[in-house]
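As a plain string of letters, each chain reads:
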Amino acid sequence: MYLNVWTPAKAPGEKLPVLVFIHGGAFVQGSGARPIYDGEDLASKGLVIVNINYRLGIFGFFAHPELSRESKHKVSGNYGLLDQIAALQWVHRNIAAFGGDPTNVTIDGRSAGAWSVNYLVATPLARGLFSRAISVSSGGQFTPRRRSGLLQEVGATPMLKDAEEFGVRFAKEEKATSIAELRAIPAVDLMKAGAVLMGKAHYHPVVDRYVLPTDVYTIFASGKQQDVPTMIGWTSGDGTTIRWSSGLPDTAAEYPTFVRQRFGPLAGEFRKAFGEVTSAADVSNAQAAFARDENYAWGSRAWGRLQAKTGKSNVYLYYWDHTPPVIESTKSFGAFHGSEDVYFHNTLNMWNLPWRAVDRHLADVMSSYRINFAKTGNPNGPRLPFWPNFTLYDERSMNLSETIGAIPTPHKPELDFLDDWYAKQRQ
């Protein structure tokens, strides 16, 4: 397990603010060493930057009854989260030697790294290891759990028992009758086999009663999360690259029947919120919108609402609606999932694209917001457009695009529909 540190400090003991970044990659891929996560620019402006790694895929999020019996806590499946907690403990013990302040740590994540931030705010095991949280292009894990076979939807945290069931099934498919036999399989082969099963179950943290005492929604609703200033956001194109995850049919002919069967008495409200579908283009648009709102946008607003309701610390929401000058093959994705992170890091120079003046301006503004937030818990500062905090009475988000400014939280009809739909599921 490695981590990377950038520091502007000349000597230990300078007590500079610390930002710990957790990479994304759907809990199956990624690295803290990707060039766009380079910490030099942010460090040059007064932060100590730490980029961490953690176990992924079958080695990070695999549960099995035998593994649970081996554990002194009788759990398995949350190894990747435990790695992140261990990294935060390392930072707490050692960052002063790099000029950092162990009492002024911000955790910051993208995509699955942002989900990790949500879990770290929820778990009692990370309490006291950070004082602020940033979630980029993800939202939180507040969706009611809906189980179909062994498929776990994005945004819903499975229970340990269900994850162990998947582990047993995986072992059988690998002709292994025990954990000892799984351990005898070469690591590369296990990784390949696990990747094949990705379509049948997401590698994902689990509610194990130890790392996660219960689901994240219940933790936040009861005010038991770590109450810290929080920055959360999503993109207008968050669903364009994961249309498949919407569960919606691929043809307009199938659409009416599917909507009636899935949403029942709320089918009409669904069509009002997401639009009627009469063409292939309508299908594609509906899939992208539902994937965005169910997996990312709704969780972001739910996180903001729950923090505003049960916590005392401010929460700041943003909405990324700027299309980078991307290559031709990804032009139709718009402001795609995670595309804002290179701007927050101010690492445009690490990505060979034809950047324009507007891109450089956005990167300067957004990285300044990030730096200010890591230093003080408030993104605002001199010469920056004012970013209001999100409240239950003033649900505004910061629009980050060619025009920067506060706006009413976007996609309200769609998110309000999901409020009703999830409330019905929780009954």
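What you see is a predicted model, and the numbers here were worked out from it, not measured in a lab.

**Topic: the confidence of the model for the protein chain**
So, step 1. Taken as a whole, the protein chain shows an average pLDDT of 90; of its residues, 93% reach a score of 70 or greater.
So, step 2. In this model residues 147-155 is a low-confidence stretch, pLDDT under 50, and it forms 30 contacts with partners more than four residues away in sequence or in other chains.

**Side note on the sheet that holds strand S10 (residues 396-400)**
So, step 1. Spatial ordering of the open sheet is given by S1-S3-S2-S4-S5-S8-S9-S10-S11, a layout of nine strands whose pairing is mixed. Two strands close off the open sheet at either side, each with one partner strand: strand S1 (3-6) and strand S11 (405-408). Neighbour-to-neighbour, the strand axes of the sheet open up by a mean angle of 25°, direction not taken into account.
So, step 2. Strands strand S5 (132-136), strand S8 (230-235) and strand S9 (315-320) of the sheet are contacted by helix H12 (residues 280-310), whose axis makes an angle of about 160° with S8.
So, step 3. Those strands touched by helix H14 (residues 357-376) are strand S2 (16-22), strand S4 (100-110), S5, S8, S9 and S10, and its axis lies near 150° from that of S5.

**Considerations on helix H11 (residues 267-274)**
Given 3.6 residues per turn, any residue in an α-helix points the same way as the ones three and four places further on.
So, step 1. Along H11, the positions that sit buried rather than exposed are Ala 267, Phe 270, Ala 273 and Phe 274. The buried residues of H11 all sit within an arc of 125° when viewed along its axis, so they share a single face.
So, step 2. Structurally, H11 contributes buried residues whose contacts are with helix H10 (255-263), H12 and helix H15 (412-426).
So, step 3. In the stretch just after H11, Gly 275 is the one whose phi turns positive, near 90°.

**Examining the pattern of salt bridges**
So, step 1. Counting across every chain of the model gives 19 salt bridges.
So, step 2. Here Arg 292 makes a salt bridge to Glu 414, at a shortest N to O gap of 3.9 Å. With a gap of 122 residues between them, Arg 292 in helix H12 and Glu 414 in helix H15 connect regions that are remote in the sequence. Of the two residues, Arg 292 and Glu 414, neither departs from the other in class, the shared state being buried.
So, step 3. Of the charged contacts, one joins Glu 395 and Arg 305 as a salt bridge, the two residues approaching to 2.7 Å between their closest N and O atoms. Taken as a pair, Glu 395 in the loop between H14 and S10 and Arg 305 in helix H12 lie far apart in primary sequence, 90 residues in all.

**Details of the side chain of Ser 401**
So, step 1. You can see Ser 401 is positioned in the loop between S10 and S11.
So, step 2. There is a polar contact of 2.9 Å between the side chain of Ser 401 and the side chain of Asn 399.
So, step 3. Within polar-contact distance, the side chain of Ser 401 engages the backbone oxygen of Thr 403 at 3.0 Å.
So, step 4. The residues touching Ser 401, leaving out its near neighbours within four places in the chain, are Asp 321, His 322 and Leu 362.

**Some remarks on the layout of surface pockets**
So, step 1. When its volume is computed, the second largest pocket comes out at roughly 390 Å³.
So, step 2. Forming the walls of the second largest pocket are 22 residues, and the residues nearest its centre are Ile 58, Phe 62, Leu 67, Tyr 79 and Arg 183.
So, step 3. Counting residues per element, the ones that place at least two in the lining of the second largest pocket are helix H2 (57-60), helix H3 (65-70), helix H4 (79-94), helix H7 (179-183) and helix H8 (187-196).
So, step 4. At three residues, the largest contribution of residues to the lining of the second largest pocket is made by H7.

**Looking at unusual backbone geometry**
So, step 1. Positive phi is not limited to glycine here, since Phe 27 has a value of about 65°.
So, step 2. Within the fold, Phe 27 resides in the loop between S2 and helix H1 (40-44).
So, step 3. A positive phi angle is found at Lys 74, which is not glycine, with a value near 60°.
So, step 4. Within the secondary structure, Lys 74 sits in the loop between H3 and H4.

**Topic: the nonpolar core**
Here is a general trend for soluble globular proteins: nonpolar side chains tend to be buried in one another's company.
So, step 1. If you look at the biggest cluster of nonpolar residues, it comprises 84 residues, and the most contacted ones within it are Phe 130, Leu 182, Phe 263, Phe 270 and Phe 417.
So, step 2. Looking at this core, the element that brings in the most residues is H12, giving 11 residues.
So, step 3. The next biggest cluster of nonpolar side chains, apart from the first, holds 34 residues, and it includes Ile 36, Met 231, Ala 335 and Ala 374.

**What about the pairing of strand S3 (residues 48-52)?**
So, step 1. When you tally the buried positions in S3, you get five out of five residues, the bulk of the element.
So, step 2. Side chains Val 48, Val 50 and Ile 52 of S3 all project onto a buried face; the interleaved residues Ile 49 and Asn 51 project onto the opposite face, where all are buried too.
So, step 3. Direction of pairing for S1 relative to S3: antiparallel, over a ladder of four bridges. Residue Asn 4 lies in a different strand from S3, and its bridge partner there is Asn 51.

**Concerning the packing of aromatic side chains**
So, step 1. Summed over all chains, the structure comprises 29 aromatic pairs.
So, step 2. Seen from their ring centres, Tyr 255 and Phe 270 are 6.4 Å apart, and the 40° between their planes marks the pair as tilted. On the criterion of sequence distance, the pair formed by Tyr 255 in helix H10 and Phe 270 in helix H11 is long-range, its members being 15 residues apart.
So, step 3. In this structure Tyr 255 comes out as buried when scored by relative accessible area, which is 2%.

Analysis parameters
- Residues numbered from 1 in each chain as written.
- Predicted model: local features only at pLDDT ≥ 70, side-chain atom pairs only at ≥ 80, totals over all residues.
- Heavy atoms only, no water.
- pLDDT = per-residue confidence, 0-100.
- Contact = heavy atoms within 4.5 Å.
- Pairing = 2+ DSSP bridges.
- Helix = DSSP H or I, 4+ residues; strand = E, 2+ residues; numbered from the N terminus.
- Axes fitted to C-alpha atoms, helices over the stretch in contact; angles between N-to-C directions.
- Buried < 20%, exposed > 50% of the residue type's maximum accessible area, 1.4 Å probe, protein only.
- Arc of directions from axis to C-beta.
- Salt bridge = Lys/Arg side-chain N within 4 Å of Asp/Glu carboxyl O.
- Polar contact = N/O pair within 3.5 Å; in protein donor to acceptor, adjacent residues only side chain to side chain.
- 1 Å grid on protein atoms, 1.4 Å probe; cavity = no way out; pocket = protein on both sides within 12 Å on 5 of 7 lines; lining within 4 Å.
- Points joined across faces, edges and corners; volume = space filled by probe spheres on them.
- Core = buried A, V, L, I, M, F, W, Y, C linked by side-chain atoms within 4.5 Å.
- Phe/Tyr/Trp six-rings, centres within 6.5 Å; stacked < 30°, edge-to-face > 60°.

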